[in-house]
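Spelled out, the chains give:
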Amino acid sequence: MAADGSPGTRKKPRTHFAETPMSRAIDLDLLETIYDVPLGACGWREVMSGLQRTFCADVGILLALDGQRKDIRGLSINGVDATTWQQYREHYAKINPFLDAIESGRARPGRAVLDAQLISRRAFERTEFYDGYWRACRLGASAGGYLRDARGNMLVLALPRLRGRSAYAETELAPLQVYFGHMARAVQMHREIESRRREPELDAVARRYGLSCAELRLVATLIETGSLRKSATRLHRSHNTLRAQLRSILQKTGTRSQVELMACIHGR
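Calculation rules
- Residues numbered from 1 in each chain as written.
- Predicted model: local features only at pLDDT ≥ 70, side-chain atom pairs only at ≥ 80, totals over all residues.
- Heavy atoms only, no water.
- Salt bridge = Lys/Arg side-chain N within 4 Å of Asp/Glu carboxyl O.
- Buried < 20%, exposed > 50% of the residue type's maximum accessible area, 1.4 Å probe, protein only.
- Helix = DSSP H or I, 4+ residues; strand = E, 2+ residues; numbered from the N terminus.
- Pairing = 2+ DSSP bridges.
- Core = buried A, V, L, I, M, F, W, Y, C linked by side-chain atoms within 4.5 Å.
- Contact = heavy atoms within 4.5 Å.
- 1 Å grid on protein atoms, 1.4 Å probe; cavity = no way out; pocket = protein on both sides within 12 Å on 5 of 7 lines; lining within 4 Å.
- Points joined across faces, edges and corners; volume = space filled by probe spheres on them.
- Nonpolar A, V, L, I, M, F, W, Y, C, P; charged D, E, K, R; others polar.

**Q** It is not clear to me how the pattern of salt bridges should be interpreted in this structure. Could you clarify?
**A** Side-chain pairing between opposite charges can occur once the charged atoms of the two side chains come close. Counted by the stated rule, this structure contains 9 salt bridges. Asp131 serves as the salt-bridge partner of Arg135, at 2.3 Å between the closest nitrogen and oxygen. Assessed through its relative accessible area of 44%, Asp131 is described here as partly exposed. Several salt bridges converge on common partners, so that one network encompasses Arg69, Asp100 and Glu103.

**Q** How should the pairing of strand S3 (residues 60–65) be read in this particular structure?
**A** As a general feature of sheets, a regular strand has side chains that alternate between the two faces. In terms of burial, S3 is largely enclosed, as 6 of its 6 residues are buried. On S3, burial covers both faces: Gly60, Leu62 and Ala64 on one face and Ile61, Leu63 and Leu65 on the other are all buried. Here 6 bridges tie S3 to strand S4 (residues 72–78), and the two strands are oriented antiparallel to one another. Bridge pairing in S4 links Leu63 to Gly74. Here S3 hands over to S4 after 6 residues, with Arg69 in that stretch at a positive phi of 60 degrees. Bridging between S3 and strand S7 (residues 154–158) involves 5 bridges; their strand directions are antiparallel. Bridging across to S7, Leu65 finds its partner in Met154.

**Q** Could you clarify how one ought to interpret the nonpolar core in this entry?
**A** What tends to happen in soluble globular proteins is that the nonpolar side chains get buried as a cluster. Trp44, Leu51, Leu157, Leu159, Tyr168, Tyr179 and Met183 are the most contacted members of the largest nonpolar core, which totals 29 residues. Every element with two or more residues in this core is listed here: helix H1 (28–39), helix H2 (44–55), strand S6 (143–148), S7 and helix H8 (173–196). With 7 residues, the single largest contributor to this core is H8. What Tyr168 contacts, discounting residues up to four positions off in sequence, is Phe55, Ala57, Leu114, Ala141, Ser142, Ala143, Leu159 and Arg161.

**Q** Sorry if this is basic, but what is going on with empty space enclosed by the protein here?
**A** If a probe the size of a water molecule is rolled over the atoms, the empty space left behind becomes visible. Following the criterion strictly, the structure yields 1 cavity of 30 Å³ or more and no others. The calculated volume of the largest cavity comes to roughly 360 Å³. Surrounding the largest cavity, 26 residues form its lining, Asn96, Phe98, Val156, Leu157 and Ala158 being those nearest its centre. Going through the elements one at a time, S3, helix H3 (82–90), helix H4 (97–103), strand S5 (113–114), helix H5 (115–118), helix H7 (128–134), S6 and S7 are the ones with two or more residues in the lining of the largest cavity. It is S6 that provides the largest number of residues to the lining of the largest cavity, a total of 4 residues. By residue class, the composition of the lining of the largest cavity is 21 nonpolar, 4 polar and 1 charged.

**Q** Is there a simple way to explain unusual backbone geometry in this structure?
**A** It is generally the case that most residues other than glycine have a negative phi and that most peptide bonds are trans. Although it is not a glycine, Cys56 sits at a positive phi angle of roughly 50 degrees. In this fold, Cys56 is placed in the loop between H2 and S3. Cys56 sits in the partly exposed class, given a relative accessible area of 42%. A positive phi angle is found at Arg69, which is not glycine, with a value near 60 degrees. In this fold, Arg69 is placed in the loop between S3 and S4.

**Q** Would you take a moment to explain the sheet that holds S6 for this structure?
**A** Consider a sheet: its strands pair through backbone hydrogen bonds, and that pairing is either parallel or antiparallel. Taken in spatial order, the 5 strands make up an open sheet running S4-S3-S7-S6-S5, and their pairing is antiparallel. Two strands lie at the open edges of the sheet, namely S4 and S5, each paired on one side alone. Pairing between S6 and S7: 5 bridges, direction antiparallel. Each residue of the ladder has a partner; that of Tyr146, found in S7, is Val156.

Below is the structure:
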């Protein structure tokens, strides 16, 4: 019986999945990974690998590009070799019919879409992009979405499958929409964090918390690398040694994790 006198319901144990209105399980671990990106705990490659597994995609692509497609950065390029990516960046991005369709308004920002909703298969196969790039890479069906900021810069997500594999079903768009929506929020969080970030005065930090020279070097290296293991490589120290130093730093600063430590150091 509930506290208000109404019939109570038995609370279900928490699992790694959450039921959504589209009756499709959403992986909570993958959502957590998405929000780890703005915290600096992981990168977009881990997110894209998770999306590839979830949607049985052979390639995972997350691009950041300006409105003129001159500045094109691959935030995560999974399943595409360096030469293929370079060809895309130097030439094929400028004639990508999917991007043309996006810029013509055939898809709303932040919405997941099927490739066929952007351009018909018949029209697509008549393009230079298809003949020289898509077919050469043996790519087939795809799904994805895009975001655009106030300056016209875009974030583009694509999850192609290899040619011969089944096309995406429209029912797959709903869960993809959930993940992409969270990615959009994570991107915004990352931008806000970066815009507020300021260089900490490490000497003042050391005086305030009584950090040793070695501990201060570790803090400075963690700010640059974001990783204890990368810091161990950079400083030529063992991981166990730096882990012991980090425990001491956390105790002195009154923080409980590396994320809390970075927030403390940056005055947030």
